[in-house]
Amino acid sequence: MSMVRLSELAIGQQGIIGDMDAEGQFRQRLQSLGFRIGKEVRLIRQALFGGPLQVRVGSVNVMLRRCDAASIQIWAER
Amino acid sequence: MKRIALLGMPNTGKSTFFNRLTGASARIGNWPGITVDLLSARILLGADMVEVVDLPGFYDLHGFSEDEQVVRQFLQNNPIDLLCLIINATQIDQQLPLALQLRRLGLPTVAILNMADEAEQMGIRFDAAVLTAGLDSPVCFVSAKYGHGFSEARETLRQVLERNPPTNAAIQHTEFAADEALLAEAEKLVARSVSMPRVLEHGLTERIDRIVLHPILGIPLFFLALFFLFQAVYTLGGPLQDGMTWLLTTVHDQVLAHLQPILPGWLYGLLVEGVYDGLGTVASFVPIIVLFFLGMALIEDSGYLSRIAFLMDALMAKLGLDGRGFVMLMMGFGCNVPALLGTRVMRSRSLRLLTMLIIPFSLCSARLQVFVFLTTALFSSTQAPVVLFALYVVSFLTAFGTALLFKNRLPSREPLLIELPPYRLPTFKQVILRGWHEVHHFLSRASRFIIMGVVAIWLLTHLPPGVAVGGPQSLAGIFGSWLEPLLRPIGIDQQMAVVLLFGFVAKEIVLGAMAVIYGLEGDALSHLMAQRMDWVQAFSFMLFILIYTPCLSTVATLRSESKSLVFTGVSIVWSLGLAWVISFAFYQSARLLGY
């Protein structure tokens, strides 16, 4: 297990949220959608042309941009 | 082994504290009574191993958010030897109520005031003795970020643990039982009194997403879906529209014609040739508008809109916008006003203004009826859909071009986070209600503007008394001749210039205005338009209608939502100027090419 950014996960890969470097309202939005340290996330897919990621936390599916996903650290298998 | 539960509100640095206290030895574990996983770690405190569990951040021990329920259920089902409460020292006034709530549980507690360094910089001073007495627990000051005060905190935790005998059972707090009962009651009440749209099962949503969000097929599929929506609207709407026209003509010929000998000439003219013909021409488009809104409601309630945001975000990001901006443009297909209000979800002002600047270019249903009327009148039945499609393309291009031009003036960097909800099957009743709501809005707005508009136009074309109707001496003719130098280069004559003038108020008036100016309605009006304009003029006219300011309601909304006269002014001037330039470029180059 090692820490990687959420944006660095491979499609279909899962891991556990280790740290969230997000601030302010973005952090609160993340938390209200179920992003918490210790929760399991899975990268479902990525849109074309460097578009957003679809990530599943628990039973919730969200989309977020790669640059925003980079602020979330994940424990994952290398 | 004794167990410490780490609690605190969100944004108190609780997780940072946990990481620093436990090193990197954390592991995920299942706990009795709760469904989510929690992080825990074993640490050496003094001579004993102790387990530390990181509970989710929460605001209220008796609250009903998911996190609050998790905390409650954890405390009820797991023996705890020590509560370690993390308090954000810079917001202590808001956080003490939670500390007092926890005190009532009667468990040994240590209060950790985190961010003590920041609080000090802000000039906040604490009387530790008074706090300790008030909270009935020792108080420690730390900075989890920099590691200050950790040895004291560890020592305090150790001492409190040592003082108390190990707990073997979870607490039995009667107030928790009351909370659970309340929750169960609420659930029952919802089940009895609320009907929710059926959510498709998880696996099915996943399978649909695999197709709909396919990296290559996703976007083509979206446009295909849009194409079928329009196709369905016209296929179903065409016969309904014919029926409506027949009904209106029959009433005109069989009923209203008998009024002609009875009423004074001017009153008959105003009521029948003004109000009735004007309203009737617009009314014949109501079936298409109704179907269109039903289709939009179906898409909106299904959960597909957020998928469109997902597909389009990469493109929109290049325009300085985000995927939601594209969804707003689509909402604008119905009516620009709700789309403008929809931008309230954007927190960055620049992003919001840029999105509000492009929404008025979205081809709304009011403009759609003008285009359907003119394309049917001037183009063959095979050409008409292509022309209409071209206008939608122009609508997108002007919106995107505007964003490109203005994005550097309105830069933004707002994180984008949207839930992709499970697909829902909207109930029949829900769709009908939504559709009816939209139609009602359209009709009440349209009837108000149209009646005022057609009466005003009737007066303009008939005053001063005795002039040829709509002729050069009438008020309309005079206004038209003022505008003529400006509009002749784009192929628009005096009478159509007056129509454009009223179109500024609302596009719903445009058709009614043409009916009144030419004193005709329905098919007769179509035939006349085909004689008076060639296709180049008609397309130039439609381009102008598409691009210039949609209506006064939109202007008022731009003003009230942006709270800026300058922004509203820029939006109006830009769209008017762009409309003229594009119509001019099209008209003159088409003429140059010999059309």
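Rules behind the numbers
Residues numbered from 1 in each chain as written. Chains lettered and ligands numbered in written order. Predicted model: local features only at pLDDT ≥ 70, side-chain atom pairs only at ≥ 80, totals over all residues. Heavy atoms only, no water. pLDDT = per-residue confidence, 0-100. Helix = DSSP H or I, 4+ residues; strand = E, 2+ residues; numbered from the N terminus. Domains from an automatic or database assignment. Pairing = 2+ DSSP bridges. Axes fitted to C-alpha atoms, helices over the stretch in contact; angles between N-to-C directions. Parallel < 35°, antiparallel > 145°, perpendicular 65-115°, else oblique. Contact = heavy atoms within 4.5 Å. Nonpolar A, V, L, I, M, F, W, Y, C, P; charged D, E, K, R; others polar. Buried < 20%, exposed > 50% of the residue type's maximum accessible area, 1.4 Å probe, protein only. Expected span 1.5 Å × (residues − 1). Arc of directions from axis to C-beta.

**A few points about the confidence of the model for chain A**
For chain A, the average pLDDT comes to 86, and 99% of its residues sit at 70 or higher. For chain A, the element scoring lowest by mean pLDDT is helix 1 (residues 24–32) of chain A, at 80; strand 4 (residues 53–57) of chain A scores highest, at 92.

**Notes on the domain arrangement of chain B**
Along its sequence, chain B is carved into domain 1 (2–186) and domain 2 (218–411 + 429–592). Spacing between the C-alpha centres of domain 1 of chain B and domain 2 of chain B amounts to 60 Å.

**Observations regarding the sheet that holds strand 4 of chain A**
With antiparallel pairing, seven strands are arranged side by side in an open sheet as 1(A)-6(A)-2(A)-3(A)-4(A)-5(A)-9(B). Looking at strand neighbours, the two that pair on one side only are strand 1 (2–5) of chain A together with strand 9 (417–419) of chain B, the edges of this open sheet. The mean angle between the axes of side-by-side strands here comes to 40 degrees, regardless of whether they run parallel or antiparallel. The pairing of strand 4 of chain A with strand 5 (residues 60–64) of chain A spans five bridges and is antiparallel. The residue of strand 5 of chain A that forms the bridge with Gln54 of chain A is Met63 of chain A.

**Considering the packing of helix 16 (residues 365–378) of chain B against helix 23 (residues 535–547) of chain B**
Residue and element names in this part refer to chain B. Close contact between helix 16 and helix 23 brings their axes to 11 Å; oriented N to C, the two are set at 175 degrees. Between helix 16 and helix 23, the angle is such that the two are roughly antiparallel. Where helix 16 approaches helix 23, its residues Arg367, Phe371, Leu374, Thr375 and Leu378 are matched on the opposing element by Trp535, Ala538, Phe541, Met542, Ile545 and Leu546. Among the residues making up the contact of helix 16 with helix 23, the classes are represented as nine nonpolar, one polar and one charged.

**Let's talk about the pairing of strand 5 of chain A**
Regular strands place side chains that alternate from one sheet face to the opposite one. For strand 5 of chain A, the buried fraction is high: four of the five residues fall into the buried class. Connecting the antiparallel pair strand 4 of chain A and strand 5 of chain A is a turn made up of two residues, with Gly58 of chain A showing a positive phi of about 60 degrees.

**Quick notes on the environment of Val570 of chain B**
Mapped onto the elements, Val570 of chain B comes out in helix 25 (residues 565–592). Along the primary structure Val570 of chain B and Leu357 of chain B are separated by 213 residues, whereas in three dimensions their C-alpha atoms are 8.8 Å apart.

**Some words on the environment of Gln383 of chain B**
By the element assignment, Gln383 of chain B lies in helix 17 (residues 383–406). Distance in space between the C-alpha atoms of Gln383 of chain B and Leu351 of chain B is 38 Å, their sequence separation being 32 residues.

**Describing helix 6 (residues 150–163) of chain B**
Residue and element names in this part refer to chain B. For helix 6, built from 14 residues, the straight-helix expectation of 20 Å at 1.5 Å per residue is met to within 8% by its first-to-last C-alpha distance of 20 Å. Those residues of helix 6 not exposed but buried are Phe150, Ala153, Thr156, Leu157, Val160 and Leu161. Take helix 6 and look down its axis: the buried residues cluster within an arc of 130 degrees, on one side only. The exposed set on the far side of helix 6, more than 90 degrees from its buried face, consists of Ser151, Glu152, Glu162 and Arg163.

**Some remarks on helix 15 (residues 349–358) of chain B**
Residue and element names in this part refer to chain B. With respect to burial, helix 15 is a largely interior element, eight of its 10 residues being buried. Taken together, the buried positions of helix 15 are occupied by Leu351, Arg352, Leu353, Leu354, Thr355, Met356, Leu357 and Ile358. The inward-facing, buried residues of helix 15 abut helix 13 (323–332), helix 14 (336–342), helix 17, helix 24 (552–562) and helix 25.

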